[in-house]
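Read off the chains here:
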Amino acid sequence: MVSNIKKIQHMPEKIVSLHSFPDPSLPSTRSCPFTVQLLPTTLGIDISPSSIFRSALCSRQLRLDPVTRLGLVTRLYADERAKRELYMPSPCSLLFIHFRDLHDCIDLSRPSDIGLNHTLNIYLKPEEGVRVGVWHTVPEHRWEEAQGKDLDWYEEALGDGSPIFIYLHGNKSNRSAPHRIGVANVLSAVGYHVLALDYRGFGDSTGEPTEASLTTDTVYLYHWVKAHSGNSLVCVWGHSLGSGVTTNTAVKLLEQGEQFDGIILEDAFVTGRIASDQPIEHPFIWAQIYRIAKKAQNSDKQVKLVPFDGSLGYLHNGLYKDPGLPNIIR
């Protein structure tokens, strides 16, 4: 993440970092050195920066027994029998929490079934044999016009001049998670298009997730959007795991002579490297990310850190609830 932020030096619009700071009254993370619930606000392994894909977060290097490994993946199974029966994940599964949960009961091909009636489901093929699911939500002011429209209409709508956000979600579940729909609704209400991607292996997207493949999926989506959006601004919002995918993608696009018009990193991280003999430190060190980005941009205007007080209760997934958010992202 740090190396990627340093490389993003020519962003024409801005980088915004959104973070809900924890309540200082909560227990210290040092009191539980072998859990990935790095704060009581975080469920599961929601800490996958660019470096962690190749670092120490696996049972061998952390020297964890099988029951502890299961605890890293889920705390939904309280008794030992359920733990023994739960699928034993590989290190890749530990890094990418993409097993089925309650949100997988939703037919992702039909967003209208859950009230998203200005949203169309799209399937793209970033590579041979891989299909990824995307929800395209149009600006709220086009809600009535969008009723019953097909893919051709939605593709044409991308070129209407409204800014476009590619939304890259965090670990676990899929594009139908309530807080992800919440972000899409906020952006749509402000007047933006939203393309919410399920990386391969998440939701109904096929394939296996790796650091490289998540970047490939996002780069492909960016080029697909650019092919239909004319001169519209194309920005990206990366949350948690998605912030690492965002910076990886931004660097890859710069190598191709392309760039996002703006970046929002929500609950981003600096590093997830973990020494086997040291307590796990919280990786979401927001002030450091802000300093790195500001130095790389050499501008106080293009980089902004927006803190939210922990007493508001937004925790890791709830910033979309803030009534002031629309004014921040306009």
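Above this note sits the structure.
Residues numbered from 1 in each chain as written. Predicted model: local features only at pLDDT ≥ 70, side-chain atom pairs only at ≥ 80, totals over all residues. Heavy atoms only, no water.

Undergrad: Is there a simple way to explain the pattern of salt bridges in this structure?
TA: For side chains bearing opposite charge, pairing can occur when the charged atoms are close. Evaluated as defined, the whole model comprises 8 salt bridges. Asp 113 is the partner of Arg 110 in a salt bridge, and the nearest nitrogen-oxygen pair spans 2.9 Å. Judged by its relative accessible area of 43%, Arg 110 falls in the partly exposed class. Residue classification places Asp 113 among the partly exposed residues on the basis of a relative accessible area of 46%. Put simply, Arg 175 and Asp 204 hold a salt bridge, and the shortest N to O gap is 2.9 Å. Highlighted residues: Arg 175 in the loop between strand E4 (164-168) and helix H8 (178-190) and Asp 204 in the loop between strand E5 (193-197) and helix H9 (211-228), separated in sequence by 29 residues. The class of Arg 175 is buried, set by a relative accessible area of 2%. Overlapping salt bridges bring together Glu 127, Arg 200 and Asp 217 as one network. (Salt bridge = Lys/Arg side-chain N within 4 Å of Asp/Glu carboxyl O. Buried < 20%, exposed > 50% of the residue type's maximum accessible area, 1.4 Å probe, protein only. Helix = DSSP H or I, 4+ residues; strand = E, 2+ residues; numbered from the N terminus.)

Undergrad: What's the story with the nonpolar core in this structure? I'm lost.
TA: It is characteristic of soluble globular proteins that their nonpolar side chains tend to be buried jointly. Within the largest apolar cluster, 36 residues are counted, with the highest numbers of intra-cluster contacts made by Ile 166, Leu 195, Tyr 199, Leu 221, Trp 224, Val 225 and Phe 260. Here the element with the most residues in this core is H9; it accounts for 6 residues. Of all hydrophobic cores here, the second largest spans 24 residues; its members include Tyr 167, Ile 181, Ala 184 and Val 194. (Core = buried A, V, L, I, M, F, W, Y, C linked by side-chain atoms within 4.5 Å.)

Undergrad: Hey, could you run me through unusual backbone geometry in this one?
TA: In this structure, Ser 240 is a non-glycine residue whose phi angle is positive, near 55°. When you line up the elements, Ser 240 lands in the loop between strand E6 (234-239) and helix H10 (241-255). Positive phi is not limited to glycine here, since Leu 315 has a value of about 55°. For Leu 315, a relative accessible area of 40% translates into the label partly exposed.

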